[in-house]
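Coordinates in review
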Amino acid sequence: MTRQTNTHQVTLDYYTLQDLRAIADTIPRLELHPNVIQKIEAGAQFVLEKAAEDRYIYGTNTGFGSLCETRVENEEMETLQFNHVVSHAVGVGEIVPARLSRLMLFIKLLTFRTGHTGISMAPVQRLIDMWNNDIVPAIPKKGTVGASGDLAPLAHMALPLLGLGKVHYKGEVVESATVLEAMGWEPLRLKPKEGLALTNGVQYINARGALALMRIEEMMKTADLFAAMSSQAFSTSETFYQAPYHETTYHPERKTVAANFRKVLEGSNHYELPTCNNSKQDPYSFRCIPQVHGAIRQAVNFAIDIIEKECNGVSDNPLFFPESDQILFGGNLHGESTALALDFVAMATSEMAYISERRTYQLLSGMRGLPDFLVNQPGLNSGFMIVQYTAAALMNENKVLCTPASVDTIPTCQLQEDHVSMGGTSSYKLETIVDNAEYILGIELLTAVQAIDFNKPLKLSPATQKLYDEFRQHFTFMERDRVMSDDMERARDYCAENRAKWIEQFGLA
């Protein structure tokens with residue numbers, strides 16, 4: 001965690017994925033812009049006025065879900081909101097990392113900033129005070145169906161406001177009541193609609209999706225770099241990434257991948273080697289890199305666009321519009337957009353790993369002048385043979401996890417909520433797919449560098465020579481069989497830690 005001394009003012013501006021990354025990485029102190037405070041206060045006052053009227057206002061003076069026509073007396077509204085939060089805190093499983101909970105809290109503030117949710121400044125300010133004092137709600141991983149909001153995880157986010165639940169504090173997960181007492185904070189008493197405003201919305205799955213996409217966006221760029229290393233090791237042709245070839249397509253993402261290849265491979269002689277295919281017909285895992293990596297970029301860019309829009313919008317129900325004296329009821333609590341986007345990008349991320357694994361396999365195949373399994377004395381040594389088995393096992397898991405969660409629904413709440421997004425499952429499995437893809441891409445780089453050492457006539461491009469030299473400072477040539485598990489773990493971590501640097505260093509678009 002890196003906490004900055006600067007203060008970030010939450011405004012009504014549009015937050016991009018990069019803006020969210022900066023917030024998650026630097027953890028600045030937060031405050032609200034005066035315009036945001038004004039809108040929140042106006043919305044809260046409007047709710048209080050309408051709650052006093054003799055009318056049904058869902059979740060304000062009625063029960064929840066299928067109990068929407070059960071009226072609650074005015075003197076019971078505070079109890080209603082308290083009961084709502086505690087009854088919905090049904091999450092199970094491991095406690096998610098503080099980074100995820102913190103980003104979820106910030107995205108929740110983006111929903112509150114318009115005043116349309118009806119929440120008052122008291123709970124909003126308490127959430128900001130928690131953020132500024134490194135007090136982060138402890139949220140169990142599972143329990144959301146991604147419609148009616150992420151009810152369970154958001155309820156766990158809200159519990160500390162009531163002096164209940166647990167929080168991350170000083171490196172431990174502790175009872176929130178203990179921390180509130182230490183801070184001198186009294187538990188809050190929720191006003192009409194505030195419990196529902198806290199739990200409604202899909203900020204949990206949006207935060208999970210945003211964090212996954214931050215990793216994937218970097219991975220898809222460095223995947224071009226690793227593929228370029230493999231292409232040199234395999235003595236591929238140079239024609240498949242030339243600009244005129246890609247002027248025949250209307251896919252700008254293919255052109256970007258091809259341009260990355262031209263940039264990082266300039267000065268290499270891989271296509272002039274005697275082991276290069278005379279007909280320039282390389283296996284598809286090489287020759288179709290611009291097409292496959294380009295398609296992956298399209299899916300990732302689509303998902304980023306969807307998640308950004310979800311994070312910036314108002315995800316709650318009902319919504320209050322004091323300026324037009326309206327209360328509108330609808331479905332902005334449904335996570336279908338997020339669920340579909342995360343399922344789509346899960347398939348794309350799996351494909352990014354799959355074509356990487358196929359390149360690894362080709363490098364081990366004994367073709368293009370390379371020894372079987374990239375080792376001296378194959379037979380006595382197995383070399384990288386079994387390294388590829390691990391990549392295959394991880395790919396099998398990814399393929400299973402690519403089954404979309406969003407195509408399923410299990411009706412809830414006496415059929416009132418008869419179609420749900422299952423975006424929670426979409427987000428969990430995407431995270432695992434990303435984890436596996438990081439290993440597989442690390443394995444490709446390990447394999448490519450080993451293959452380069454056997455491709456003696458090869459002259460690396462100046463750019464990839466820098467990567468090779470840097471990599472060899474940390475990973476030695478495999479002269480004979482050794483335990484490779486540690487290399488694979490370190491390669492995965494090494495790639496994850498250096499992705500951002502490589503993107504800047506090599507000018508990867």
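For the structure, see preceding data.
Scoring rules and cut-offs
Residues numbered from 1 in each chain as written. Predicted model: local features only at pLDDT ≥ 70, side-chain atom pairs only at ≥ 80, totals over all residues. Heavy atoms only, no water. Phe/Tyr/Trp six-rings, centres within 6.5 Å; stacked < 30°, edge-to-face > 60°. Helix = DSSP H or I, 4+ residues; strand = E, 2+ residues; numbered from the N terminus. Buried < 20%, exposed > 50% of the residue type's maximum accessible area, 1.4 Å probe, protein only. Salt bridge = Lys/Arg side-chain N within 4 Å of Asp/Glu carboxyl O. Pairing = 2+ DSSP bridges. Contact = heavy atoms within 4.5 Å. Axes fitted to C-alpha atoms, helices over the stretch in contact; angles between N-to-C directions. Parallel < 35°, antiparallel > 145°, perpendicular 65-115°, else oblique. Nonpolar A, V, L, I, M, F, W, Y, C, P; charged D, E, K, R; others polar.

Right, let's get into the packing of aromatic side chains. Here a ring pair, both rings aromatic, is described through the centre-centre distance and the interplanar angle of the planes. Summed over the entire model, instances satisfying the criterion amount to 14 aromatic pairs. Residues F106 and W131 carry aromatic rings whose centres are separated by 6.0 Å and whose planes lie at 45 degrees to one another, so their mutual orientation is tilted. Residue F106 is located in helix 4 (residues 98-112), and its partner W131 is located in helix 5 (residues 121-132); the two are separated by 25 residues in the primary sequence. Residue class for F106 comes out buried when judged on its relative accessible area of 0%.

Moving on to the pattern of salt bridges. This model, assessed by the stated rule, comprises 27 salt bridges. Ionic pairing is found between E218 and R21, a salt bridge with its closest N-O pair at 3.5 Å. Residue E218 is located in helix 9 (residues 203-233), and its partner R21 is located in helix 1 (residues 17-26); the two are separated by 197 residues in the primary sequence. Accessibility classification places E218 together with R21 in one group, the buried group. A salt bridge links D316 to K193; the nearest nitrogen and oxygen atoms lie 2.7 Å apart.

Judged by pairing direction, the sheet is antiparallel, and its three strands sit side by side in the order 4-6-7 without closing on themselves. Unpaired on one side and paired on the other, strand 4 (136-137) and strand 7 (172-175) mark the two borders of the sheet. Where strand 4 meets strand 6 (residues 166-169), two bridges bridge the pair, whose relative direction is antiparallel. Across the sheet, residue V136 finds its bridge partner in strand 6, namely H168. Of the strands in this sheet, strand 6 and strand 7 touch helix 7 (residues 176-183), which is tilted by about 85 degrees from strand 7.

Where helix 4 meets helix 6 (residues 151-158), the axes come as close as 11 Å, and the angle between the chain directions of the two elements is 95 degrees. The angle between helix 4 and helix 6 places the two elements in the roughly perpendicular class. Contacts between helix 4 and helix 6 involve M104, L105 and K108 from the former and P153, L154 and M157 from the latter. Broken down by class, the residue content of the contact of helix 4 with helix 6 amounts to five nonpolar, no polar and one charged.

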